[in-house]
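For reference, the chains in residue letters:
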Amino acid sequence: MPQADDARAAGPRRTAFDWTDAEARRRAEAGLVRTLRPRAAESELLDLASNDYLGLTRRTEVTEAAADAARRWGAGSTGSRLVTGTTRLHTRLERELADFCGFEAALVFSSGYTANLAALTALGGLGSLIVSDAANHASIVDGCRLARAETAVVPHTDPEAVRKTLDAHPGRRALVVSDSVFSVDGDKAPLPALAEACRAHGAGLVVDDAHGFGVLGTGGRGALHEAGLAGAEDVVATLTLSKSLGSQGGAVLGPARVIEHLVNAARTFIFDTGLAPAAAGGALASLRLIAAEPGLAERARTVATTLHRLLTDAGLTSARPDAAVVSVRAPSPEAALAWAADCRAQGLLVGCFRPPSVPDGISRLRLTARADLTDAQIERAVATILRTAPTG
């Protein structure tokens, strides 16, 4: 009986994850609760929120190729790429991807996130230096942390800061890493100037071309192709297969010796199950469509500049898009949330970025321009955004 009395005196029983309740309350008070919202296979919403920049995810050629791959190779790859997870589809995709983008070799991963982790952890390491743009994607930030290198974060799109940081570490093995197109405002990195700074120091340049591939460069060959850096011996590109290719997965492109090193040293390649055959087949079909229809990239850029022009002409504040991302500033996080919700209620799906996801603390609507949007759909989207814009 005394033991029972002691238990009651100690208060309610505590369990291992009680602390998550306090975290949930903190998020709710800050208005930062994220909610999963399952979507239907078909929707009447006009989609300016997805990253399907070229409108290929539902193209018959792509969906049929994905289905054919699943029927032939199975629903999954069945294992690590080094065991049973590599099919002829994977190697064919790698060869055609490298050829299209102008690199010597490519290696396909299960996601763009794991591709970035692979590049930074396998090419960084203890004793090395990684110089990273302050606005880089979370996958780059995590890759820097896992690389066990010293990481120096430099101001956004500032090649001189990169140069000074490298100069402060003479003779040290180093990487400079940057998004090619930044996902919040859609602005481009100064790749030629970054490459010049790297070469003055003997550093490698790693560029995440997730938002540039398929949109920039001749026929969508990417930001590095546009900058004249594709295939350089000191340049590595990472990209995703889930944006312009409308599929799933990621890839690293670069010199053959770098790709061979990743096969042997990148933990997110060695210990991860290979990309599903359906995703590889769909991505390969999309890649061939991009090669056959070079006007898709130009159309995506045209849609982005048209959205920007119409919105700014109407008085909204929008960053000039360098690729297919168009951001429109909101006066507060609460206003951004309400604005996105009002757009959705009127049939338009837009992204909503707010702190802490945005490094500058400024909330935005984020629109993604798609090559398959008609002029009428563009006008409808702009009218909806203007009609629902916050006042005051």
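The name given to the protein in an unreviewed UniProt entry is 8-amino-7-oxononanoate synthase, with the source organism recorded as Streptomyces wedmorensis. According to the UniProt record, the Sequence similarities (unreviewed entry) comment for the protein reads "Belongs to the class-II pyridoxal-phosphate-dependent aminotransferase family. BioF subfamily." A UniProt comment under Cofactor (unreviewed entry) is attached to the protein, and it reads "pyridoxal 5'-phosphate".

So, on to the environment of Ala16. Summarising the element assignment, Ala16 is placed in the loop between α1 (2-9) and α2 (19-30). Judged by its relative accessible area of 60%, Ala16 falls in the exposed class. Separated by 371 residues in the primary sequence, Ala16 and Arg387 have C-alpha atoms spaced 48 Å apart.

Turning our attention to the environment of Leu36. Mapping Leu36 onto the fold places it in the loop between α2 and β1 (46-48). In this structure Leu36 comes out as exposed when scored by relative accessible area, which is 83%.

Even without being glycine, Thr78 reaches a positive phi, approximately 80 degrees. Take Thr78: its relative accessible area is 62%, and that puts it in the exposed class. For Arg148, which is not glycine, the phi dihedral falls at a positive 65 degrees. Positionally, Arg148 belongs in the loop between α6 (138-146) and β4 (150-154).

With respect to burial, strand β6 (residues 204-208) is a largely interior element, five of its five residues being buried. Burial along β6 is two-sided: the face carrying Gly204, Val206 and Asp208 and the face carrying Leu205 and Val207 are both buried. Summarising the sheet, strand β5 (residues 174-179) and β6 pair through five bridges and their orientation is parallel. Across the sheet, residue Asp179 finds its bridge partner in β6, namely Asp208. Regarding the hand of the β-α-β motif, the stretch spanning β5, helix α8 (residues 191-201) and β6 is right-handed. Across four bridges, the pairing between β6 and strand β7 (residues 235-240) is parallel. The residue bridging Asp208 from the neighbouring strand is Thr238, located in β7.

What counts and what doesn't
Residues numbered from 1 in each chain as written. Predicted model: local features only at pLDDT ≥ 70, side-chain atom pairs only at ≥ 80, totals over all residues. Heavy atoms only, no water. UniProt positions renumbered as here; feature names shortened; annotations may be inferred. Helix = DSSP H or I, 4+ residues; strand = E, 2+ residues; numbered from the N terminus. Buried < 20%, exposed > 50% of the residue type's maximum accessible area, 1.4 Å probe, protein only. Pairing = 2+ DSSP bridges. Right-handed = clockwise from strand over helix to strand, strands pointing away.

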